[in-house]
Amino acid sequence: MKDKKIKELIEKELFRQNNGIELIASENYPSISVREAQGSIFTAKYAEGYPGRRYYGGCEIVDELENLAIDRAKKLFNVRFANVQPHSGSQANFAAYRSILTPGDKVLSLELNDGGHLTHGSPVSFSKDTYQFEHYPLGEDGHLDYPLIKKKLYEFEPNLLLAGYSAYQYEIDFRQMREIIDEYNSSHQIKCYFMVDMAHIAGIVAAKKCQNPCDYADIVTSTTHKTLRGPRGGIILTNDETIAKRVDKCVFPYAQGGPLEHIIAAKAVCFKEDATKSFAKYIECVLENTKACNDELKRRGAIVSGSDNHLFLLNVLDSFGINGKEAQNRLEAIGVTTNKNMIHGDKLKPALTSGLRIGFAPATTRGCTKEQAIEIGGLIYDVCSDQNFDQNKEKYISHVSDITKLWKKIDEVEFPLEDE
Ligand code: DSN
């Protein structure tokens, strides 16, 4: 690396990552192989179009690469069609909506404060500008309320029902949603599509530890860098050939220009890693660690959501009398990274929030054990409840260091590919 300034920033970030406990539920550490593919010479190639029908010459090898990524994605998620070109989850959602909707159409999605995503109808996103959104709230117990979703569906008569969330910690019954939509469609002339944004749980789906939304939804989007542990990017999946053709047109040329073939190479590596038994074991450990941390906080008296997946929500306001921003700042000051998050029924603004979102996908990649997840739960409790936090800060910093010293360094993250 000749650029000294950038080299210095990379080294600083590597130090931060190596010496911190990363609990942001949407992050993860890709393997060295994924990073090598991402940093490869495929970055130099323009390949607008799709394999076999490009706008540029010299695409024989990227065609082979992109076809391999597509085949691996299809196999991993047991689905007929995959588009691996979206640059991000937001762009995947942009193209997916447009492939089944016309601007002005109606979309029913989860309340954003209950765990929805910006692209699921936030006024600051293209989604709300382009489509009419109505939202279903969670039930009083903080779980999806399927009869309420059904009621809203019949009242609002949307063109699309959207599921899949950014901060929802319980299992999602995609099968039940499909049944609700099928029943609705049998009595309505204008069909309602079913879309799932599985970005958060894609790794859990790949490991077959929850229902596969591809079995039930008309169209499924995902990022590749969360529980899936790949490069930053997006994908779109479907079993419907007509939708697949529309998706291809809506990704390129409607939403994007040239595909990032180096990222597609890294996606292909991650899809192969994710099909292994060791990845399924990893996901089991993520689920176990998340639950163990949640349960330790609960055992000590904090108010937590419980969890069926890789994340849970901690109500810091009612547990400790501090808001999410203060809790996030305290933890950040000792090297534990989380994010403040709205909780169901939150009275505080998104800039403050009453909660913290905590996930164990990245820490587990580095080798976090169940015992350490319990220890981290205790540490979070102590930090958030400490009346003399500033005086005790050094003690917490050294506790974090004791834990991270036992883990793999970021540059040591590599996974076996079992069929080689
Ligand atoms: N999906 C967001 C998150 O969960 O952090 C990022 O877009």
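Predicted model only: the values in this text are computed from it and were never measured.

Draft legend 1. Local environment of empty space enclosed by the protein. Here the structure, examined in full by the defined rule, presents two cavities of 30 Å³ or more. Every residue along the wall of the largest cavity is listed here: G164, Y165, Y168, Y170, I172, D197, M198, H200, I201 and N309. A per-class count over the lining of the largest cavity returns six nonpolar, three polar and one charged. Taken together, R16, Q17, G20, I21, E22, Y29 and T337 make up the lining of the second largest cavity. Those elements that place two or more of their residues in the lining of the second largest cavity are α1 (4-19) and β1 (21-22). Its residues assigned to classes, the lining of the second largest cavity comprises two nonpolar, three polar and two charged.

Draft legend 2. Molecular detail of the nonpolar core. Core analysis: the biggest nonpolar cluster contains 62 residues, and F77, Y136, L144 and F194 have the highest contact counts within it. Broken down by element, the residue count for this core peaks at seven residues, all from helix α10 (residues 261-274).

Draft legend 3. Geometry of the site of the ligand. The ligand sits among S26, H117, S166, H200, K226 and R357. Side-chain polar atom of S26 to an oxygen atom of the ligand: 2.7 Å apart, as the coordinates give it. For the ligand, whose free accessible area comes to 230 Å², the fraction covered by protein is 64%. Applying the majority rule of atoms within 2 Å of the grid points places the ligand in the second largest pocket.

Draft legend 4. Structural view of the packing of helix α6 (residues 146-156) against helix α7 (residues 174-186). The interhelical angle for the contact between α6 and α7, taken along N-to-C directions, is 30°, at an axis separation of 11 Å. Between α6 and α7, the angle falls in the class roughly parallel. Like other packed secondary-structure pairs, α6 and α7 cross with a definite hand, here right-handed. Here Y146, I149, K150, L153 and Y154 of α6 lie close against α7, whose contacting residues are Q176, M177, I180, I181, E183 and Y184. Class assignment for the residues of the contact of α6 with α7 results in eight nonpolar, one polar and two charged.

Draft legend 5. Representation of the sheet that holds strand β9 (residues 219-223) in the model. Taking strand neighbours across the sheet as the criterion, the seven strands line up as β4-β10-β9-β8-β7-β5-β6 in an open arrangement whose pairing is mixed. At either end of the open sheet lies a strand with only one pairing partner, and these are β4 (81-83) and β6 (132-136). In this sheet, adjacent strand axes meet at a mean angle of 20° when their direction is disregarded. In this structure, strand β7 (residues 160-163) lies alongside strand β8 (residues 193-197), joined through four bridges in parallel fashion. Bridge pairing in β8 places L162 opposite M195. Lying on the sheet, helix α3 (residues 60-77) is in contact with β4 and β10 (234-238); it crosses β4 at an angle near 125°.

Draft legend 6. Seen up close, the sheet that holds strand β15 (residues 355-359). Strand order in the open sheet formed by four strands is β11-β12-β15-β14, with antiparallel pairing between adjacent strands. Either end of the sheet is taken by a strand with one partner, and the two such strands are β11 (303-304) and β14 (339-341). Relative to β15, β14 runs antiparallel, the two being bridged by three bridges. Note on β15: the bridge partner recorded for N339 is R357. Sheet contacts for helix α11 (residues 277-299): β11 and β12 (311-315); angle to β12, the most-contacted strand, approximately 15°.

Draft legend 7. Structural context of the packing of aromatic side chains. Counted under the stated rule, the structure contains 13 aromatic pairs. For the pair F94 and F126, a centre-to-centre distance of 4.9 Å together with 65° between the ring planes defines the contact as edge-to-face. Within this pair, whereas F94 is found in helix α4 (residues 89-100), its partner F126 is found in helix α5 (residues 126-130), the two being separated by 32 residues in sequence. A relative accessible area of 27% places F94 in the partly exposed class. Each residue in the set F94, Y97, F126, Y131, F133 and Y254 is aromatic and connected to the rest through ring pairs, giving one cluster. We note K106 situated over the ring of F156; from NZ or CZ to the ring centre the distance is 5.0 Å. Note that R229 overlies the ring of F415, its terminal NZ or CZ placed 3.3 Å from the centroid.

Draft legend 8. Quick look at the pattern of salt bridges. Tallied over the entire structure, the rule returns 24 salt bridges. The shortest N-O distance in the salt bridge between K12 and E8 comes to 3.7 Å. Placement of both K12 and E8 in helix α1 is noted, with a separation of four residues, approximately one turn of the helix. On the accessibility criterion, E8 (35% relative accessible area) is partly exposed. K209 is the partner of E284 in a salt bridge, and the nearest nitrogen-oxygen pair spans 2.9 Å. Highlighted residues: E284 in helix α11 and K209 in the loop between α8 (202-206) and β9, separated in sequence by 75 residues. On the basis of relative accessible area, E284 is assigned to the partly exposed category, the value being 37%.

Draft legend 9. How the structure looks around α7. Helix length check: α7 (13 residues) gives 18 Å between terminal C-alpha atoms against 18 Å at 1.5 Å per residue, within 8%. Where α7 is buried, its residues meet β6, α6, β7 and β8.

Draft legend 10. Inspection of the pairing of β12 at higher detail. Along β12, five of the five residues are buried, which leaves the element largely enclosed by surrounding structure. As paired elements, β11 and β12 share two bridges and run antiparallel to each other. By the bridge assignment, I303 is partnered in β12 with N315. From the end of β11 to the start of β12, which pair antiparallel, there are six residues, and G306 there has a positive phi angle of about 80°. Bridge analysis of β12 against β15 gives five bridges, and the strand direction is antiparallel. Bridged to N315 within β15 is G355.

So, how was this worked out
Residues numbered from 1 in each chain as written. Predicted model: local features only at pLDDT ≥ 70, side-chain atom pairs only at ≥ 80, totals over all residues. Heavy atoms only, no water. 1 Å grid on protein atoms, 1.4 Å probe; cavity = no way out; pocket = protein on both sides within 12 Å on 5 of 7 lines; lining within 4 Å. Points joined across faces, edges and corners; volume = space filled by probe spheres on them. Nonpolar A, V, L, I, M, F, W, Y, C, P; charged D, E, K, R; others polar. Helix = DSSP H or I, 4+ residues; strand = E, 2+ residues; numbered from the N terminus. Core = buried A, V, L, I, M, F, W, Y, C linked by side-chain atoms within 4.5 Å. Buried < 20%, exposed > 50% of the residue type's maximum accessible area, 1.4 Å probe, protein only. Near = heavy atom within 4 Å. Polar contact = N/O pair within 3.5 Å; in protein donor to acceptor, adjacent residues only side chain to side chain. Areas by Shrake-Rupley, 256 points an atom, 1.4 Å probe, with all protein chains shown as cover. Sits in = over half its atoms within 2 Å of the grid points. Axes fitted to C-alpha atoms, helices over the stretch in contact; angles between N-to-C directions. Parallel < 35°, antiparallel > 145°, perpendicular 65-115°, else oblique. Left-handed = near helix turned anticlockwise from the far one by under 90°. Contact = heavy atoms within 4.5 Å. Pairing = 2+ DSSP bridges. Phe/Tyr/Trp six-rings, centres within 6.5 Å; stacked < 30°, edge-to-face > 60°. Lys NZ or Arg CZ within 6 Å of the ring centre and 35° of its normal. Salt bridge = Lys/Arg side-chain N within 4 Å of Asp/Glu carboxyl O. Expected span 1.5 Å × (residues − 1).

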